[in-house]
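Chain by chain, the residues:
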Amino acid sequence: MIKLRDALNLGNDEIQEIKKQIIQKAKDSKLNAYIIDEDSLQIKDNRIPILIKDNINVKGWEITCGSKILKGYKSPYNAGVIDNLLNNNLAPFGRANMDEFAMGSTSESSIYGATKNPKDISRVPGGSSGGSAAAVAGGIAIAALGSDTGGSIRQPAGYCGCVGLKPTYGSVSRYGLIAYSSSLDVIGPITQDVSDCAILFDCIKGYDKRDSTSNPNTPKESIFNNLNEKRKFRIGILKEAIKNANIEIQEAYFNLIELIKKLGHSVKEVDMMDTNYHISSYYITSMAEASSNLARFDGVRYGNRSKDIRNLKDLYIKTRSDGFGDEVKRRILIGNFVLSSGYCDAYYLKAQKVRDYICFQYSEIFKDIDIILSPIAPNVAPKLGDKISPLEMYLSDIYTIGVNLAGIPSISIPVATNKENLPIGMQLIGNHFNEQILFDFALNLENNLKGV
Ligand code: GLN
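So, here's what we can say about the structure. All of these numbers come straight from a predicted model, not from anything done at the bench. (Residues numbered from 1 in each chain as written. Predicted model: local features only at pLDDT ≥ 70, side-chain atom pairs only at ≥ 80, totals over all residues. Heavy atoms only, no water.)

### Topic: the overall build of the protein chain
Part 1: Within the protein chain one finds 14 helices and 11 strands.
Part 2: Relative to the globule expectation of 22 Å for 452 residues, the C-alpha radius of gyration of the protein chain, 21 Å, shows essentially globular dimensions.
Part 3: For the protein chain, the spread of C-alpha atoms along the three principal axes comes to 70 × 60 × 45 Å.
Part 4: Sequence separation of at least 24 residues holds for 74% of the intrachain contacts in the protein chain that already meet a minimum separation of 6.
Part 5: For the protein chain, the computed accessible surface area is about 17,800 Å², with 50% contributed by carbon and sulfur atoms.
Part 6: Here the protein chain holds 53 positive side-chain charges and 51 negative ones, and the gap between their average locations is 3 Å. (Helix = DSSP H or I, 4+ residues; strand = E, 2+ residues; numbered from the N terminus. Rg over C-alpha atoms; globule rule 2.2 N^0.38 Å. Contact = heavy atoms within 4.5 Å. Areas by Shrake-Rupley, 256 points an atom, 1.4 Å probe, with all protein chains shown as cover. Lys, Arg positive; Asp, Glu negative; His and termini not counted. Charge placed at Lys NZ, Arg CZ, Asp CG, Glu CD.)

### Considerations on the packing of aromatic side chains
For any two aromatic rings, the description comes down to two numbers: the centre-to-centre distance and the angle of the planes.
Part 1: Evaluation of the coordinates by the stated rule reveals 15 aromatic pairs.
Part 2: Relative to Phe 441, the ring of Phe 233 lies with its centre 6.1 Å away and its plane at 80°, an arrangement referred to as edge-to-face. With Phe 233 in the loop between helix 6 (194–204) and strand 7 (234–238) and Phe 441 in helix 14 (residues 435–448), this residue pair connects regions lying 208 residues apart in the sequence. A single burial state applies to Phe 233 and to Phe 441, both of which are buried.
Part 3: Centre to centre, the rings of Tyr 283 and Tyr 394 are 4.1 Å apart; their planes meet at 25°, and the pair counts as stacked. A residue pair is termed long-range when its members are at least 10 positions apart, and Tyr 283 in helix 8 (residues 276–293) and Tyr 394 in helix 12 (residues 390–395) qualify at 111 residues.
Part 4: Every member of this aromatic cluster is reached through a ring pair, and the members are Tyr 73, Phe 101, Phe 297, Tyr 302 and Phe 324. (Phe/Tyr/Trp six-rings, centres within 6.5 Å; stacked < 30°, edge-to-face > 60°. Buried < 20%, exposed > 50% of the residue type's maximum accessible area, 1.4 Å probe, protein only.)

### A look at the pairing of strand 3 (residues 90–96)
Part 1: In terms of burial, strand 3 is largely enclosed, as 7 of its 7 residues are buried.
Part 2: As paired strands, strand 1 (residues 34–35) and strand 3 are joined by 2 bridges and run antiparallel to one another. When the bridges of strand 3 are listed, Tyr 34 appears paired with Ala 96.
Part 3: As defined by bridge partners, strand 2 (residues 48–53) adjoins strand 3 across 5 bridges and the pair is classed as parallel. In the strand pairing of strand 3, Ile 48 is matched with Leu 90.
Part 4: The parallel pair strand 2 and strand 3, bridged by helix 3 (residues 80–87), forms a crossover whose chirality is right-handed. (Pairing = 2+ DSSP bridges. Right-handed = clockwise from strand over helix to strand, strands pointing away.)

### Points about the site of the ligand
Part 1: Around the ligand sit 15 residues in total, of which Thr 149, Gly 150, Ser 152, Tyr 180 and Tyr 282 are the nearest.
Part 2: Here an oxygen atom of the ligand and a backbone polar atom of Gly 104 are 2.9 Å apart.
Part 3: Contact between the ligand and Arg 331: an oxygen atom at 2.9 Å from a side-chain N or O atom of the residue.
Part 4: Classifying every residue of the shell around the ligand gives 5 nonpolar, 7 polar and 3 charged. (Near = heavy atom within 4 Å. Polar contact = N/O pair within 3.5 Å; in protein donor to acceptor, adjacent residues only side chain to side chain. Nonpolar A, V, L, I, M, F, W, Y, C, P; charged D, E, K, R; others polar.)

### Here's the deal with helix 10 (residues 326–339)
Part 1: When the terminal C-alpha atoms of helix 10 are compared, their 20 Å separation across 14 residues agrees well with the 20 Å that a helix rising 1.5 Å per residue should span.
Part 2: Within helix 10, burial applies to Glu 327, Val 328, Arg 331, Ile 332, Gly 335 and Val 338. The buried side chains of helix 10 occupy one side of the element, clustering within an arc of 140° when seen end-on. In helix 10, the exposed residues that point more than 90 degrees away from the buried face are Asp 326 and Leu 333.
Part 3: Considering only its buried residues, helix 10 is in contact with helix 8, helix 9 (312–323), helix 11 (345–365) and helix 12. (Expected span 1.5 Å × (residues − 1). Arc of directions from axis to C-beta.)

### Description of the side chain of Ser 75
Part 1: If you trace the backbone, Ser 75 turns up in the loop between strand 2 and helix 3.
Part 2: From its side chain, Ser 75 meets the backbone oxygen of Tyr 77 in a polar contact 2.8 Å long.
Part 3: Ignoring anything within four residues of it in the chain, the contact list for Ser 75 reads Asn 57, Val 58, Lys 59, Gly 60, Trp 61 and Ile 63.

### Observations concerning the pattern of salt bridges
Part 1: Counted under the stated rule, the structure contains 26 salt bridges.
Part 2: A salt bridge links Asp 54 to Arg 95; its shortest N-O distance comes to 3.0 Å. With Asp 54 in the loop between strand 2 and helix 3 and Arg 95 in strand 3, this pair connects stretches of sequence that are 41 residues apart. For the pair formed by Asp 54 and Arg 95, the shared burial category is buried.
Part 3: Its salt-bridge partner being Arg 330, residue Glu 327 comes within 2.3 Å of it at the nearest N-O pair. Here Arg 330 and Glu 327 lie together in helix 10, a separation of 3 residues that amounts to about one turn. (Salt bridge = Lys/Arg side-chain N within 4 Å of Asp/Glu carboxyl O.)

### Here we look at the side chain of Ser 181
Part 1: Inspection of the secondary structure puts Ser 181 in the loop between strand 5 (163–166) and strand 6 (186–191).
Part 2: Of the residues examined, Ser 181 reaches a relative accessible area of 0% and is grouped as buried.
Part 3: Non-local contacts of Ser 181, meaning those with residues more than four positions away in its chain, are made with Thr 149, Thr 285, Ser 286, Glu 289 and Asn 293.

Right, here's the structure in full:
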């Protein structure tokens, strides 16, 4: 598929042609990355098509978060990022499949069925932005938007072998992103390479007064125009935490460190608190916020409403019992529990204290290093239908969620493949608003990993 930076030079006819090809390929594809419908796949617009995760509002499209409860909801407005795309000669094109309400790590829980990994269709693409990553890596999208609450951009990008950025919290508008966990959610790009990722991030970032957590200090300068792969950085490497990864991920990690040294960057060991605490703090916080955010889906205002309703309570119970899937229900229940009086101090408040401590640790680390090098996941993409418990699934987020708790940016890039030719990705984590540093370093690695 053509790169985003090359597509920017195409004429109208060529863009129309690419759109037709994308529609055909998406329909023929076995990946189930697109949620095929007419409204989202119109070719009349002459702007460059960008695939949009099904939790970002686009005016006139059905937006469902991969859930039955939102079937039939037609968005009356554009999200902030969609306005920004349109102002930059890009346009939303196609809905990307996802885990229901962005809760998950495999993209198997969608009402539209599981998405598959383009590198091996017996495997998952990761999640929750699995449709976005599978389409980009599978050659059926130029670039895509995803959302990352606890790894949902970086992990599928890593499993599929493409590039994904989880931006600094507040640097990309959440206006029009259907909230999962408001203090953690951020929209970001999933692309074929590092330069395209910089271009798409430049297009979507920026302050938006319609989002109360949007940050007016977000740097306005173009990252793409300032890319400089010659800069040398101080890289922090994990000592204890790396042991949570399997042996092939560890090998790829240590090989990459050798390359980083050869390229002239300095390397220093860093230590965090036991990253298992990241999991506890993240899942309590995200479920608490989800239980509150998802309370609005009650059959009154949005999407689906169950039939045979006798009274108001009946409407809520039937619509929600019927409309939400198992994982979403589990999280609403746990979220309500940790917020309930009597348990709030023991769980929710404790999780906030741990979160504060995690932020403090990162700020200490960034006093004398520029970037932390970390795996994305402890393993490569698992098989579809692998029966693991919800707890095991939560544990697989061990490397990604600290970044969301601290609101800092991280870019994931493919760095190696394992014996079965499956992609292995690594993430580069920086301090708030240091995306330029991440892109410069990522480009340096990408250029020196060519052919790996
Ligand atoms: N796997 C994590 C979760 O289920 C992350 C999801 C996300 O980033 N949206 O919460």
